[in-house]
Amino acid sequence: MAKRVMVVDDSRVQEVQIRNLLEGTDYEVVHYCRSGEDALAVYDQVNPDVVTMDIIMPGMDGLETAQAILEEYPEAKIIMVSSLAYEDTFDEAKAIGAKAFIDKPFDQEQLLAALNTALAE
């Protein structure tokens, strides 16, 4: 059975890219959220195995959203996805409890490695 992935990103292009990269793998995008607020509202209904979370989004950013999800669902597996490849951003994501961090743009190998890392913990 495929592992369930929820994509949280304000860019539909990014969601489509992740969906395409996961085609034919052990992972399947089961839900897409355009905002942190949306992700918080549906997390318990979607019950994903892993979440890919963009950092820069209107409203709640990805770091705030990840923190809120992890406070309510400490078992959540979240991968931060961003073009903000700064050491302090990486450190903040790790401190919140993110399991992995991948920089945009990324390829299938990088995405699968991050997903596998997140679920191995």
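For the structure, check the block above.
Predicted model, so just to flag it, every value in this text is computed and none were measured. (Residues numbered from 1 in each chain as written. Predicted model: local features only at pLDDT ≥ 70, side-chain atom pairs only at ≥ 80, totals over all residues. Heavy atoms only, no water.)

Draft legend 1. Summary view of the overall build of the protein. Summing up its helical and strand segments, the protein has five helices and five strands in all. The linear arrangement of helices and strands in the protein, starting from the amino end, is β-α-β-α-β-α-β-α-β-α. Taken over C-alpha atoms, the radius of gyration comes to 13 Å for the protein, in line with the 14 Å a tight globule of 121 residues would show. By its C-alpha atoms, the protein is 35 × 30 × 30 Å across when sized along the principal axes. Per-residue burial for the protein yields a buried fraction of 46% across its 121 residues. If you take every contact in the protein between residues at least 6 apart in sequence, the share linking residues at least 24 apart comes to 61%. Just so you have it, the protein exposes about 6,200 Å², and 48% of that area is on carbon and sulfur atoms. Taking the average location of the 9 positive side-chain charges in the protein and that of its 24 negative ones, the two points are 6 Å from each other. (Helix = DSSP H or I, 4+ residues; strand = E, 2+ residues; numbered from the N terminus. Rg over C-alpha atoms; globule rule 2.2 N^0.38 Å. Buried < 20%, exposed > 50% of the residue type's maximum accessible area, 1.4 Å probe, protein only. Contact = heavy atoms within 4.5 Å. Areas by Shrake-Rupley, 256 points an atom, 1.4 Å probe, with all protein chains shown as cover. Lys, Arg positive; Asp, Glu negative; His and termini not counted. Charge placed at Lys NZ, Arg CZ, Asp CG, Glu CD.)

Draft legend 2. Just helix α1 (residues 12-22), in detail. Within the sequence span of α1, burial applies to Q14, E15, I18, L21 and L22. One side of α1 holds all its buried residues, which, seen down the axis, span an arc of 130 degrees. Looking at the residues trailing α1, positive phi occurs at G24, about 80 degrees. (Arc of directions from axis to C-beta.)

Draft legend 3. Examining the pairing of strand β1 (residues 3-8) more closely. Here β1 runs beside strand β2 (residues 27-33); their pairing, made up of six bridges, is parallel. When the bridges of β2 are listed, M6 appears paired with H31. For the segment spanning β1, α1 and β2, crossover handedness is right-handed. (Pairing = 2+ DSSP bridges. Right-handed = clockwise from strand over helix to strand, strands pointing away.)

Draft legend 4. Here's a closer look at the packing of helix α2 (residues 36-46) against helix α3 (residues 62-72). The geometry of α2 relative to α3 is characterised by a closest axis approach of 9 Å and an angle of 15 degrees between their N-to-C directions. As summarised for this structure, α2 and α3 are arranged roughly parallel, according to the angle between their axes. In this structure, α2 meets α3 at a crossing whose hand is right-handed. For the pair formed by α2 and α3, the contact residues are G36, A39, L40 and Y43 on the first element and T65, A68 and I69 on the second. For the contact of α2 with α3, the class distribution of residues is five nonpolar, two polar and no charged. (Axes fitted to C-alpha atoms, helices over the stretch in contact; angles between N-to-C directions. Parallel < 35°, antiparallel > 145°, perpendicular 65-115°, else oblique. Left-handed = near helix turned anticlockwise from the far one by under 90°. Nonpolar A, V, L, I, M, F, W, Y, C, P; charged D, E, K, R; others polar.)

Draft legend 5. Broad picture of the packing of α3 against helix α4 (residues 87-96). Direction vectors running N to C along α3 and α4 enclose 15 degrees, while the axes themselves pass 9 Å from each other. Between α3 and α4, the angle falls in the class roughly parallel. α3 and α4 meet at a crossing whose hand is right-handed. Taking contact as the criterion, the partners of L63, A66, Q67 and L70 in α3 are, on α4, E92, A93 and I96. By residue class, the composition of the contact of α3 with α4 is five nonpolar, one polar and one charged.

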